[in-house]
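# A closer look at the structure
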Amino acid sequence: RSEMPHHPSVPVVRPHHAIAQRDRARAECVAGARALQRGDVNTAPDRFARATEAAAEDVDIALMHGVALRDAGRLADAQRELIRAIGLDPSRHISYTHLAQAYRLAGDTQQAASAALSAARLQPKDPLAWRDAAESLRTARQIEAALHAAFHAFALAPLDSSIANVVALLLHRCGRVN
């Protein structure tokens, strides 16, 4: 029987190797999540980095790695990892929400507003996503866009006092209410 020769640049994937990689990624991910729960911001990013090495295409691991990096104050690294998570699955609003937080912590209000608005657009019926977008847009001094997002949130949840407060603040800021 004749076999095709193996080309050295193409990795050979063996089922037992793939299973071992998956198990290693899970173990590191669990250890990273536990480190985050206990507030160990020094250990968590390293655990998620190892999980990422074992499962580079896993969007959940990329997201958690980004969160761990953000919590550790490694904001540029967090932004890169969260952008990578978005690249793996651009339909997940939570990745944009965490990216907005990382930008906000880094003082990049324009990028934070853009990410928060992307999160809200992916969750059009989530009033809190729209409220967060309004807050980020307000911080970025995009008052008209912030008002639009706040009114969208208010239409979805008119009895939510946190949303009503954002609307009132924005109306006051732009001089529409004294």
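Everything that follows concerns the structure shown earlier in this document.
These lines cover the structure that appears in this document, whether it is placed above or below.

Conventions adopted
- Residues numbered from 1 in each chain as written.
- Predicted model: local features only at pLDDT ≥ 70, side-chain atom pairs only at ≥ 80, totals over all residues.
- Heavy atoms only, no water.
- Helix = DSSP H or I, 4+ residues; strand = E, 2+ residues; numbered from the N terminus.
- Buried < 20%, exposed > 50% of the residue type's maximum accessible area, 1.4 Å probe, protein only.
- Contact = heavy atoms within 4.5 Å.
- Areas by Shrake-Rupley, 256 points an atom, 1.4 Å probe, with all protein chains shown as cover.
- 1 Å grid on protein atoms, 1.4 Å probe; cavity = no way out; pocket = protein on both sides within 12 Å on 5 of 7 lines; lining within 4 Å.
- Points joined across faces, edges and corners; volume = space filled by probe spheres on them.
- Nonpolar A, V, L, I, M, F, W, Y, C, P; charged D, E, K, R; others polar.
- Salt bridge = Lys/Arg side-chain N within 4 Å of Asp/Glu carboxyl O.
- Expected span 1.5 Å × (residues − 1).
- Polar contact = N/O pair within 3.5 Å; in protein donor to acceptor, adjacent residues only side chain to side chain.
- Axes fitted to C-alpha atoms, helices over the stretch in contact; angles between N-to-C directions.
- Parallel < 35°, antiparallel > 145°, perpendicular 65-115°, else oblique.
- Left-handed = near helix turned anticlockwise from the far one by under 90°.

### With respect to the overall build of the protein chain
Helix and strand counts for the protein chain come out as 9 helices and 0 strands. Beginning at the N terminus, the succession of helices and strands in the protein chain can be written as α-α-α-α-α-α-α-α-α. For the protein chain, the proportion of its 178 residues judged to be buried stands at 36%. Taking the contacts inside the protein chain whose residues are at least 6 apart along the sequence as the reference set, 46% of them involve residues at least 24 apart. Carbon and sulfur atoms make up 54% of the accessible area of the protein chain, which amounts to about 10400 Å² in all.

### So, the layout of surface pockets
Computed from the structure, the largest pocket encloses a volume of approximately 160 Å³. Considering the residues around the largest pocket, the lining is formed by 13 residues, among which Thr-97, Ala-119, Leu-128, Ala-129 and Asp-132 are closest to the centre. For the lining of the largest pocket, the secondary-structure elements that each account for two or more residues are α5 (93-106), α6 (109-122) and α7 (127-139). The biggest single contributor to the lining of the largest pocket is α5, with 6 residues. When the residues that make up the lining of the largest pocket are grouped by side-chain class, the tally is 7 nonpolar, 3 polar and 3 charged.

### Re the pattern of salt bridges
Taken as a whole, this structure holds 12 salt bridges when the rule is applied. Between Asp-60 and Arg-92 there is a salt bridge, with the nearest N and O atoms lying 2.7 Å from each other. Here Asp-60, found in helix α3 (residues 59-71), pairs with Arg-92, found in the loop between α4 (75-88) and α5; they are 32 residues apart in sequence, far enough to count as distant. Note on Arg-92: relative accessible area 22%, which makes it partly exposed. Linking Asp-71 and Arg-70 is a salt bridge whose minimum nitrogen-to-oxygen distance equals 3.0 Å. Counted as one network, the salt bridges with shared partners bring together Glu-28, Arg-47 and Arg-50.

### A few points about the environment of Ser-118
Tracing the backbone through its elements, the reader meets Ser-118 in helix α6. The exposure class of Ser-118 is partly exposed, given its relative accessible area of 24%. When the C-alpha positions of Ser-118 and Trp-130 are compared, they lie 9.8 Å apart, and in sequence the two are 12 residues distant.

### Re the side chain of His-98
You can see His-98 is positioned in helix α5. Setting aside anything within four residues of it in sequence, one finds His-98 in contact with Leu-63, Val-67, Arg-70 and Leu-82.

### A few points about α3
In an α-helix, one turn spans 3.6 residues, which is why side chains three or four residues apart end up on the same side. Its 13 residues give α3 an end-to-end C-alpha distance of 18 Å, which sits within 8% of 18 Å, the value for a rise of 1.5 Å per residue. The element α3 is largely enclosed, with a buried count of 10 among its 13 residues. Among the residues of α3, those classed as buried are Val-59, Ile-61, Ala-62, Leu-63, His-65, Gly-66, Val-67, Ala-68, Leu-69 and Arg-70. Measuring from the side-chain oxygen of the N-cap residue of α3 to the backbone nitrogen of Asp-60 gives 2.9 Å; that N-cap residue is Asp-58. Following α3 by one or two positions, Gly-73 adopts a phi angle in the positive range, close to 80°.

### Quick word on the side chain of Ser-95
Along the polypeptide, Ser-95 turns up in helix α5. Looking at Ser-95, the relative accessible area reads 0%, which means it is buried. In contact with Ser-95, not counting residues within four places along its chain, are Leu-63, Leu-82, Ala-85 and Ile-86.

### Examining the packing of α3 against α4
The relative placement of two packed helices is expressed as an angle between their axes plus a distance between the axes. At a closest axis distance of 8 Å, the pairing of α3 and α4 adopts a crossing angle of 160°. Comparing the axis directions of α3 and α4 gives the class roughly antiparallel. As for the relative orientation of α3 and α4, their crossing is left-handed in sense. For the pair formed by α3 and α4, the contact residues are Val-59, Ala-62, Leu-63, His-65, Gly-66, Val-67, Leu-69 and Arg-70 on the first element and Leu-75, Asp-77, Ala-78, Glu-81, Leu-82, Arg-84, Ala-85 and Leu-88 on the second. Considered class by class, the residues forming the contact of α3 with α4 number 10 nonpolar, 2 polar and 4 charged.

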